[in-house]
Amino acid sequence: MANAFYRPGRQRAAKVNELFDRIAARYDRINDVQSFGLHRCWKRRLVRLAGPRPGEPALDVCCGTGDIAFSLARQGMRVWGLDFSAPMLDGARARLQDLASSSAEPGSDALDLQFVRGDALHLPFSDRQFDVVTIGYGLRNLARIEDGLREMQRVIKPGGRLLILDFGKPSHSFWRALYYAYLRWMVPLFGRLFCGSADAYAYILESLEHYPAQPGIATRMQEQGLANVQVFNLLGGMMSIHYGQRPAGSQQPVNKVGDDVKSL
Ligand SMILES: C[S@@+](CC[C@H](N)C(=O)[O-])C[C@H]1O[C@@H](n2cnc3c(N)ncnc32)[C@H](O)[C@@H]1O
């Protein structure tokens with residue numbers, strides 16, 4: 001039976017938005033459960049690969065409750081986190097508020113971090129604004145992956161870095177079968193137990209089946225003109241990080257996705 005949250009075409013974004021609005025309150029907990037806490041290591045790896053430098057501007061697209069945005073800000077970067085789900089952003093802003101009012105982490109109120117509501121396909125930022133753009137578990141959810149990549153590349157400065165963390169497709173057939181079985185049977189069970197919706201988490205496998213994953217994303221990054229494209233497989237390719245750079249000195253205009261750039 002078709003997944004309630006996976007709709008190709010025009011309804012895609014609305015369904016994805018509905019999904020994350022629905023699971024926002026439990027999102028962090030279920031992430032820890034279903035990945036055995038490993039998503040934290042993978043996000044730390046992404047931040048290390050980004051080569052953060054204090055004072056540099058960074059954008060975390062599809063930031064959700066803000067894990068990656070917080071990590072970049074802790075490295076001294078000036079960070080914007082963007083997402084279209086208001087409840088996910090509420091979670092991120094509540095964390096920021098907690099940090100600012102807590103004395104447990106001295107200096108935490110000095111994080112240069114803000115969250116904005118917006119669409120990854122129409123980023124409300126000007127061209128060549130960021131040294132680092134990251135997207136964690138977001139690209140697979142976009143209605144048009146190529147348009148998402150084009151928008152992210154548009155806002156990166158020449159020489160800046162793009163990093164993409166997402167589910168991957170292991171090349172080893174046994175490993176892949178095991179992993180798909182876990183996504184097919186266990187992850188929806190966690191969804192049912194923690195969020196009251198198996199479909200919300202069965203969506204991961206459904207969306208992954210439509211996602212071009214490691215080689216497909218690397219090819220699309222190169223087609224968009226990104227240089228030095230590299231793929232880092234994690235856990236035998238169950239997860240992957242893509243890295244690419246906007247060529248230094250590249251001033252070519254990157255076409256915007258339509259003319260109606262807007263924030264939500
Ligand atoms: C799986 S969560 C990832 C959250 C966070 N990056 C993390 O790694 O924990 C995907 C996020 O992408 C957001 N999202 C999906 N499509 C989007 C779009 N077109 N524009 C903005 N945000 C989007 C969802 O609202 C959700 O918060």
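Residues numbered from 1 in each chain as written. Predicted model: local features only at pLDDT ≥ 70, side-chain atom pairs only at ≥ 80, totals over all residues. Heavy atoms only, no water.

(A) Seen up close, the packing of helix α2 (residues 27-35) against helix α7 (residues 173-195). Across the interface, α2 lies against α7 with an axial gap of 11 Å and an inter-helix angle of 145°. Both α2 and α7 take part in a crossing whose hand is right-handed. Contacts between α2 and α7 involve Arg-29, Ile-30, Val-33 and Gln-34 from the former and Tyr-182, Val-187, Phe-190, Gly-191, Phe-194 and Cys-195 from the latter. Of the residues in the contact of α2 with α7, the class split is 7 nonpolar, 2 polar and 1 charged. (Axes fitted to C-alpha atoms, helices over the stretch in contact; angles between N-to-C directions. Helix = DSSP H or I, 4+ residues; strand = E, 2+ residues; numbered from the N terminus. Left-handed = near helix turned anticlockwise from the far one by under 90°. Contact = heavy atoms within 4.5 Å. Nonpolar A, V, L, I, M, F, W, Y, C, P; charged D, E, K, R; others polar.)

(B) Just the pattern of salt bridges, in detail. Counting across every chain of the model gives 14 salt bridges. Asp-127 serves as the salt-bridge partner of Arg-154, at 2.9 Å between the closest nitrogen and oxygen. Pair noted here: Arg-154 is in helix α6 (residues 145-155) and Asp-127 is in the loop between β3 (113-117) and β4 (130-136), with a separation of 27 residues, a long-range link. With a relative accessible area of 1%, Arg-154 lands in the buried category. Each of Lys-43, Asp-67 and Arg-95 takes part in a single network of salt bridges with overlapping partners. (Salt bridge = Lys/Arg side-chain N within 4 Å of Asp/Glu carboxyl O. Buried < 20%, exposed > 50% of the residue type's maximum accessible area, 1.4 Å probe, protein only.)

(C) Structural view of the packing of α7 against helix α8 (residues 198-209). Where α7 contacts α8, the two axes come as close as 6 Å, and the packing angle between them is 155°. Here α7 is positioned roughly antiparallel relative to α8, judged by the angle of their axes. As α7 runs across α8, the sense of the crossing is right-handed. Touching Tyr-179, Tyr-180, Leu-183, Arg-184, Val-187, Pro-188, Gly-191, Arg-192 and Cys-195 of α7 are Ala-198, Tyr-201, Ala-202, Ile-204, Leu-205, Leu-208 and Glu-209, all from α8. For the contact of α7 with α8, the class distribution of residues is 12 nonpolar, 1 polar and 3 charged. (Parallel < 35°, antiparallel > 145°, perpendicular 65-115°, else oblique.)

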